[in-house]
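Chain by chain, the residues run as shown.
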Number of protein chains: 4
Amino acid sequence: MTSPTIPAPSMYSADDPTGFTALESEVRSYSRAWPTVFDRAVDATVYAEDGTPYLDFFAGAGSLNYGHNNRRLKQVLLDYLIDDRMVHSLDMLTTARREFLETFHEVILEPRGLDHKVMFPGPGGANAVEAALKLARKVTGRESVITFTNAFHGMTLGALSVTGNSMKRGGAGIPLVHATPMPYDDYFNGDVDDFVYLERLLEDGGSGLNEPAAVIVESVQGEGGINSARAEWLRGLADLCKRHGILLIVDDIQMGCGRTGGFFSFEEAGITPDIICLSKSISGYGLPLALTLVRPELDIFEPGEHNGTFRGFAPAFATASEALRTYWTDDTLERSTIAKGALIESHFNSVVSRYSQHELVAKGRGLARGLQLPDGELAGRVTAEAFQRGLLVETSGPDGEVVKLLPPLTITDDELRRGLAILDEAFAAVLS
Amino acid sequence: MTSPTIPAPSMYSADDPTGFTALESEVRSYSRAWPTVFDRAVDATVYAEDGTPYLDFFAGAGSLNYGHNNRRLKQVLLDYLIDDRMVHSLDMLTTARREFLETFHEVILEPRGLDHKVMFPGPGGANAVEAALKLARKVTGRESVITFTNAFHGMTLGALSVTGNSMKRGGAGIPLVHATPMPYDDYFNGDVDDFVYLERLLEDGGSGLNEPAAVIVESVQGEGGINSARAEWLRGLADLCKRHGILLIVDDIQMGCGRTGGFFSFEEAGITPDIICLSKSISGYGLPLALTLVRPELDIFEPGEHNGTFRGFAPAFATASEALRTYWTDDTLERSTIAKGALIESHFNSVVSRYSQHELVAKGRGLARGLQLPDGELAGRVTAEAFQRGLLVETSGPDGEVVKLLPPLTITDDELRRGLAILDEAFAAVLS
Amino acid sequence: MTSPTIPAPSMYSADDPTGFTALESEVRSYSRAWPTVFDRAVDATVYAEDGTPYLDFFAGAGSLNYGHNNRRLKQVLLDYLIDDRMVHSLDMLTTARREFLETFHEVILEPRGLDHKVMFPGPGGANAVEAALKLARKVTGRESVITFTNAFHGMTLGALSVTGNSMKRGGAGIPLVHATPMPYDDYFNGDVDDFVYLERLLEDGGSGLNEPAAVIVESVQGEGGINSARAEWLRGLADLCKRHGILLIVDDIQMGCGRTGGFFSFEEAGITPDIICLSKSISGYGLPLALTLVRPELDIFEPGEHNGTFRGFAPAFATASEALRTYWTDDTLERSTIAKGALIESHFNSVVSRYSQHELVAKGRGLARGLQLPDGELAGRVTAEAFQRGLLVETSGPDGEVVKLLPPLTITDDELRRGLAILDEAFAAVLS
Amino acid sequence: MTSPTIPAPSMYSADDPTGFTALESEVRSYSRAWPTVFDRAVDATVYAEDGTPYLDFFAGAGSLNYGHNNRRLKQVLLDYLIDDRMVHSLDMLTTARREFLETFHEVILEPRGLDHKVMFPGPGGANAVEAALKLARKVTGRESVITFTNAFHGMTLGALSVTGNSMKRGGAGIPLVHATPMPYDDYFNGDVDDFVYLERLLEDGGSGLNEPAAVIVESVQGEGGINSARAEWLRGLADLCKRHGILLIVDDIQMGCGRTGGFFSFEEAGITPDIICLSKSISGYGLPLALTLVRPELDIFEPGEHNGTFRGFAPAFATASEALRTYWTDDTLERSTIAKGALIESHFNSVVSRYSQHELVAKGRGLARGLQLPDGELAGRVTAEAFQRGLLVETSGPDGEVVKLLPPLTITDDELRRGLAILDEAFAAVLS
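A quick note: this is a predicted structure, and the numbers were derived from the prediction, not measured.

Trainee: So what about the packing of helix α4 (residues 95-109) of chain C against helix α10 (residues 314-327) of chain C? Which residues, and what values?
Mentor: Residues and elements named next belong to chain C. Two elements in contact, α4 and α10, have axes separated by 8 Å at closest approach and are oriented at 30°. Our classification of the angle between α4 and α10 gives roughly parallel. Relative to α10, α4 is oriented so that their crossing is left-handed. In this structure, α4 uses Ala96, Arg97, Glu99, Phe100, Thr103, Phe104, Val107 and Ile108 to contact α10, whose residues at the interface are Ala314, Phe317, Ala320, Ser321, Leu324 and Arg325. Residue classes in the contact of α4 with α10 are distributed as 9 nonpolar, 2 polar and 3 charged.

Trainee: Describe the relation of the copies chain D and chain B, and please don't skip the residues or the numbers.
Mentor: With an axial shift of 0.0 Å and an RMSD of 0.0 Å, the rotation relating chain D to chain B amounts to 180°. In the structure described here, the two chain copies are related by an operation that fits a two-fold rotation axis.

Trainee: Which residues make up the packing of aromatic side chains, and what values go with them?
Mentor: Two numbers describe a pair of aromatic rings. These are the distance of the centres and the angle of the planes. Applying the stated criterion across every chain yields a total of 84 aromatic pairs over all chains. Ring geometry for B:Trp34 and B:Phe58: centres 5.0 Å apart, planes at 75°, overall edge-to-face. Placement of the pair is B:Trp34 in the loop between α1 (30-33) and β1 (38-42) and B:Phe58 in the loop between β3 (53-56) and α2 (59-62), with a sequence separation of 24 residues. Classification of B:Phe58 by relative accessible area gives buried; the value is 2%. Measuring from ring centre to ring centre gives 5.6 Å for C:Phe38 and C:Tyr54, while their planes differ by 75°; the resulting arrangement is edge-to-face. Of this pair, C:Phe38 sits in strand β1 (residues 38-42) while C:Tyr54 sits in strand β3 (residues 53-56), and the two are 16 residues apart along the sequence. Aromatic rings pair up to connect A:Phe100, A:Phe104, A:Phe120, A:Phe263, A:Phe264, A:Phe266, A:Phe317 and A:Trp328 into one cluster. Between B:Arg40 and the ring centre of B:Tyr47, over which it is positioned, the NZ or CZ distance is 5.0 Å.

Trainee: Describe the sheet that holds strand β2 (residues 45-48) of chain B, listing the residues and the values that go with them.
Mentor: Read from one edge to the other, the open sheet built from 4 strands follows the order β1-β2-β3-β15 (chain B), with strand pairing classed as mixed. Taken across any chain shown, the strands that pair with only one partner, and hence form the sheet edges, are β1 and β15 (391-392) of chain B.

Trainee: So what about the interface of chain D and chain B? Which residues, and what values?
Mentor: With 32 residues of chain D at the interface, the matching set in chain B holds 32 residues. Of the roughly 2600 Å² buried between chain D and chain B on both sides combined, carbon and sulfur atoms contribute 56%. When residues of chain D are sorted by the area they lose upon contact with chain B, D:Pro181, D:Tyr187 and D:Tyr197 head the list and together hold 22% of the total. Taken together, chain D and chain B are joined by 0 salt bridges. At the surface where chain D touches chain B, the tally comes to 19 residue pairs in polar contact (both at pLDDT 80 or more). For the side of chain D that touches chain B, the secondary structure elements donating two or more residues are α7 (166-170), β6 (179-182) and α8 (196-203) of chain D. Of the residues in the side of chain D that touches chain B, the class split is 15 nonpolar, 13 polar and 4 charged.

Trainee: Describe in detail the interface of chain A and chain B, supporting the description with residues and values.
Mentor: Each partner contributes residues to the interface: chain A has 112 residues there, and chain B has 113 residues. For the pair chain A and chain B, the summed buried surface comes to about 10300 Å²; carbon and sulfur atoms form 62% of the total. By the criterion of area lost to chain B, the three top residues of chain A are A:Val27, A:Asp84 and A:Leu93, representing 8% of everything that side buries. There are 12 salt bridges connecting chain A and chain B. Put simply, A:Asp84 and B:Lys74 hold a salt bridge, and the shortest N to O gap is 2.7 Å.

Trainee: An account of the relation of the copies chain A and chain B is needed here, citing residue identities and associated values.
Mentor: Least-squares fitting of chain A to chain B yields an RMSD of 0.0 Å, with the superposition described by an axial translation of 0.0 Å and a rotation of 180°. Here 100% of the contact residues of chain A are again contact residues in chain B; the copies associate through an equivalent surface.

Trainee: Give me the pattern of salt bridges: which residues, what numbers.
Mentor: Considering all chains together, one arrives at 128 salt bridges over all chains under this definition. The salt bridge involving C:Glu26 is made with D:Lys117; its shortest N-O contact spans 3.6 Å. With C:Glu26 in the segment before α1 (30-33) and D:Lys117 in strand β4 (residues 117-119), this pair bridges two chains. Given the relative accessible area of 30%, C:Glu26 is considered partly exposed. Taking the relative accessible area as the measure of exposure, D:Lys117 reaches 13% and is therefore buried. For D:Arg98, the salt bridge goes to C:Glu49, with nearest N and O atoms at 2.2 Å. Of this pair, D:Arg98 sits in helix α4 (residues 95-109) while C:Glu49 sits in the loop between β2 (45-48) and β3, which puts the two residues in different chains. Salt bridges sharing common partners tie together A:Glu26, A:Arg32, B:Lys117 and B:Asp299.

Trainee: Account for helix α12 (residues 376-388) of chain D, with residues named and values stated.
Mentor: Residues and elements named next belong to chain D. Here α12 contains 13 residues, and its C-alpha end-to-end distance of 18 Å stays within 8% of the 18 Å for a straight helix at 1.5 Å per residue. For α12, the set of buried residues is Leu378, Ala379, Val382, Thr383, Ala386 and Phe387. Where α12 starts, the residue carrying a side-chain oxygen 3.0 Å from the main-chain nitrogen of glutamate 377 turns out to be aspartate 375. Note on α12: the residue one or two positions beyond its end, glycine 390, has a positive phi of about 90°.

Trainee: How would you summarise the nonpolar core if you had to cite specific residues and measurements?
Mentor: A:Phe104, B:Phe104, C:Phe104 and D:Phe104 are the most contacted members of the largest nonpolar core, which has 458 residues in total. In contact with A:Phe104, other than residues within four places in its own chain, are A:Leu109, A:Val118, A:Phe263, A:Phe264, A:Leu278, A:Ile282, A:Leu291, A:Leu293 and A:Leu324.

Procedures and definitions
Residues numbered from 1 in each chain as written. Chains lettered and ligands numbered in written order. Predicted model: local features only at pLDDT ≥ 70, side-chain atom pairs only at ≥ 80, totals over all residues. Heavy atoms only, no water. Axes fitted to C-alpha atoms, helices over the stretch in contact; angles between N-to-C directions. Helix = DSSP H or I, 4+ residues; strand = E, 2+ residues; numbered from the N terminus. Parallel < 35°, antiparallel > 145°, perpendicular 65-115°, else oblique. Left-handed = near helix turned anticlockwise from the far one by under 90°. Contact = heavy atoms within 4.5 Å. Nonpolar A, V, L, I, M, F, W, Y, C, P; charged D, E, K, R; others polar. Least-squares fit on C-alpha atoms with pLDDT ≥ 70 in both. Phe/Tyr/Trp six-rings, centres within 6.5 Å; stacked < 30°, edge-to-face > 60°. Buried < 20%, exposed > 50% of the residue type's maximum accessible area, 1.4 Å probe, protein only. Lys NZ or Arg CZ within 6 Å of the ring centre and 35° of its normal. Pairing = 2+ DSSP bridges. Buried area = accessible area lost by both parts, 1.4 Å probe. Salt bridge = Lys/Arg side-chain N within 4 Å of Asp/Glu carboxyl O. Polar contact = N/O pair within 3.5 Å; in protein donor to acceptor, adjacent residues only side chain to side chain. Expected span 1.5 Å × (residues − 1). Core = buried A, V, L, I, M, F, W, Y, C linked by side-chain atoms within 4.5 Å.

Function-wise, these values are silent; they only describe arrangement.
As structure tokens, then:
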């Protein structure tokens, strides 16, 4: 292999020790928080170019629920490629596509009593959200969508319009309209009854609220700060949607595929969304794949009315099928996730007590966990300290004030404890 | 490997011989035109599950310029995966990312005198377009975009709003605004001077045209019907943009990476776009990857202002780097593409003469070629006949009236002639 | 005077006893509720063509605060016309315009410590609102506006977008965007603290609320059902706007010019809006005139940037000036309005007690008074009964459930008592 | 009458010799061009406060087709007011409303074979346009509207979005969407066939043009620079609309009521618009009144779906009815208008010849006439010179480059010649 060319010195700068970032847009972000060059990764460990190992409590922002280069999935992927099976196939029929559709039906949908049709809306989560919104509008003939405070659904224009973060919204360069934000669960610390505002606006013909096509919600808001909706709140929302003829879209891109325990994050609440968005960990191997699941009666797009080049990346079908067979034909992973989540929760509760003067808040469900600090500056210092000690962990929340834990679900208890110990040191360095 | 589960008989239906499509949304399209199940593929040949070979003049809608499972790239990909190098890395610094950035700089940008910064906007072409539009609006503080008749830029809301096809636009479910369509080159068969309308509207303070942030254009419109803009038209457009302070975005997603001969489709015209969108064949192996190239002075997004889970799919960096080294360090591929394109053109000219009563029109440049039939029904019959004879070729154009040829650039002359011979039979079956 | 032509019999229909409505659009409304032909009017009495007198508790929906054809203003108007003074003058300087500007400054603005510039935005209230919204957006560079549940601001596109009524919004035929409705005072019957939702959304960078240019509010919502905001709520709103850099627009079109007692409805609250909209009774004689009052530092429209044919109807300047001199140089009218309002309130309280089984609600302030019935059907029957008995009174509220009293401020106590007595009969006929 | 109060000296400034403009918003415009205070006006003459007479070639921007304080209409208006007939009546049935509806039907609609229903959309032209656009969208279920270069339809948000002038559009403060500008007649000086662009976009399913609800057009563009569409162009447009199921709205606010000869400006072309907007001169006396005329099958607004306080200003009904009876029951006025227009045309042709080095262009039809100068600065100097000599005449066009003549239709030949002689002096002062 030809060795890569070294760019001219002028491209380096004092604040760009790694050099090549001079070639990349300033929009890059993680490379600023973690200023090292990574090379290899196995399970819950990532290795820098110089061999330094980092324990990964970030897992590709929830895209690597089964760890990096999962052994079992790796073999399936290599076999697939070695055998020259189709890699790029748009939405042609392939053996890999069939295998995935049938496996997903048998392992996931049918046992949960779901009869949703599977749509491949494009390679990433934003595509799944865009397709969901387009379909909801087409089905209902309405334009408006209800979204929730601190929601995150993606960066393409449709997805961005239902996303809360003002900095990211500002990037649109046009007014983002057609969406109205409503308070997420516990937005007022229990002072205001659930849905009192939304329900009143919907019932009042003079409220000025455009009749919504859909509500889009995350069961647990990851980017929004690990805000976890109660099951009864989700049930209330589903009920309200049904009473008012509004479609319920659950964006399970980050919290699905077992992140909270069950395969879907809404299972615990016992609700059946009209449309479900999946991506991130669905391939099991970090490969770009996204699904929009649609109740059969809503499946009204014309052939090709929504299309795209990377709908249904075939190697991802292969790894996804194997991941479903490996982790979702019994409840081993689900129970393990809940147990590990409880371990973190218990640990975080002790941290909260330890630093009671800082009024920390432990948040989350399953293996989506957060510890809220007073502000984003402190939280950023905690993650920087963790990085120095070999732990990858990021922040989330509107001000980046929540230290967010999304370890691989397959992490060992030992690794989990080791990571929490590093975090303890980081908290101590910042909060003591 | 566990054998896939066979779905219950109730999922089959008379018009669904392959069975598993019952599980997939009705939005699927290619699987309707080509009702067989594909399994493997090498170079320009795709194999159905039963071993039937199909010559591929479609190449993943331009995503497989170097053929299916290209031998050289395959080895790089396998090595990458076998070595457990990072597969999913968001925008963290990785050795693969560095290799790609440096190779792209050395092999592509620098020799062409381009100093664009590279942005990784997400996994697919629509992400590249969304980022380009967002950035152009942020830079200029304007909202409106000029697009062209029969443009195709993608299915997410921002990209769809600058796309021409009315059926696809209808899928949005909301009015698509902020874009004004202008006539593409030769839209009036030479009866109207280039840009007379656009230029007049821009100069007239009373025209009612919102001042545009950007013009977005394809050098050759693939989905629009293989409409090829003349170099002088592109130069005129670039000049007009400069005179009026409008950013020029070239969407080179389908026509870049050598499809028309040079790496970029606009090289022949000698223009320098402000923003360039690349995807499809950039990975070289059909892996989801997209770039938005930005002139340095426009690189004003804040860190993380546009982000996403699958920005910079690392195995795609590996294959992309190797593809650049293999095919773009000399002009062998470029000359071959032009020669093969000339071969098709010459052949198409004879077809046009042969069926002069049908007023066929030969279109295109390089290895993006089209033969326009009187209507979409006839063109659809031609591609169906071709499929029966073992050739994959699709239609494009507003009514699907153009038989569109996008063979791998690496196709052999023999394969090319064989495919054209099949096409001849298909034309004869339909037009004679 | 030539006698009017009688239309051909075919234009009459069974449900159109008055005949000529066949020539008018179906959009007409009051002519359906009051199916008689009116001819003359003096003070608080309107006379039908056949001489039947009707006591007017409607007053041109608040446009006739000084009664019909007010004697004093009538003489000013006749003198103006007889002297051939300018009737139509766009925004040319005229003696009438000067007189009005100076009188308004001396009698209204200066004594209240207001230094607002006067803009003549067009002939009607919607023009005043449109100009206010345009200016607020231009000043702030933001697009979004906060409006309140059950707001009414007009039927042109900008004004309609900040209006609550869903039937009227539906008439737009396009999605009405750029406005977000917030709960008006007491929307949750005291169960939710004032502004808890708005304030939280404004403070939370992840809320998804577009940063608002302005809040537009009515001190008392007339069309919305005579909902009267408490002074402390208005103060809270003004304070919130100041803290967040949001412009406060008070639409005083229906409630200004003394309807609630003071000249401006917000005087009681002691707030100073950034922009104030006036129309309806400002001419004093039912002549089309509207004002947008603007704090000097916001007066940034370019000359002619907002214009229109009927800005500043000169005879209206003459009557308006006289009305200000007559009614607003001392507090006689203000005290009278409050006293008469108290009389209605006391009367309504007795009605509420009388029909306690219907859970009526007495609402309002000054001479803007409402009695809320269980539903619009009952309220409609009450006003129909009143009409039969010679009283003009209309309904308002989202379902038309409020019997709304807007008598001329100059109504005599005797007339007021007579009208209330008729209303009593109407209530008895419907509710007993 | 109480004498007006003199404002405090601080309100005067050096550049505000008239003083009272300090109280008015900077948005005022005519008062800058004509810095004198007007007081009275009769027929074609306006008198300043000091008695200086000005001949009026402006006529309230087309609102005073029958002159200022027309003797006959004045008497009707005085009688109406003296008799205490209703002045303000919303859309209640009144004797004045009936008289107008019946007179308009008999004198205008019926003789022209029009069966349009009359809607009273509000007091001004913008209201007529807003209602027309709302209705067209409601009828068709589409949002988009085709407008023309240099169109002017008003300043409210809906009307502004179909207006061409970029300065005025900028005042909106939000992106104006839903409208696409098309070239008005002769926009390319005959180099491009009529409608070639619009027709092609409509026929091409891939054009990207949103399917339009309506086309809105002025037969002669007044504000746009006295651009006069040929009858065949209007017929071509009407035919195109019919073929494509698009509603044709003619905005006859400035050019209707006889300005071009016939009552409607489109009569000459022999077309029947679906919707017609009238205002300005319809009252005959400069009183605010507007009509939206609607083909019966399009009359689908719900009762009250579009409403407003000043719909149907009753004294205006009285003067309007009398104006119709006086001027439109025979063709005297129409013939006179055409003859006077020919006189101006002939005169302008000689001016064009006289100053051939300036390439002046004579424009217009009937008594809507313009002389186009090389730029707005020169044209502004011409009108300033005219004002100095006692003639009121304004400019129009995107750069104010057209000296625009809209004299009262009732102007005497002598007055017309006197005004043209003043203009000659003004041209000589500027162009010689």
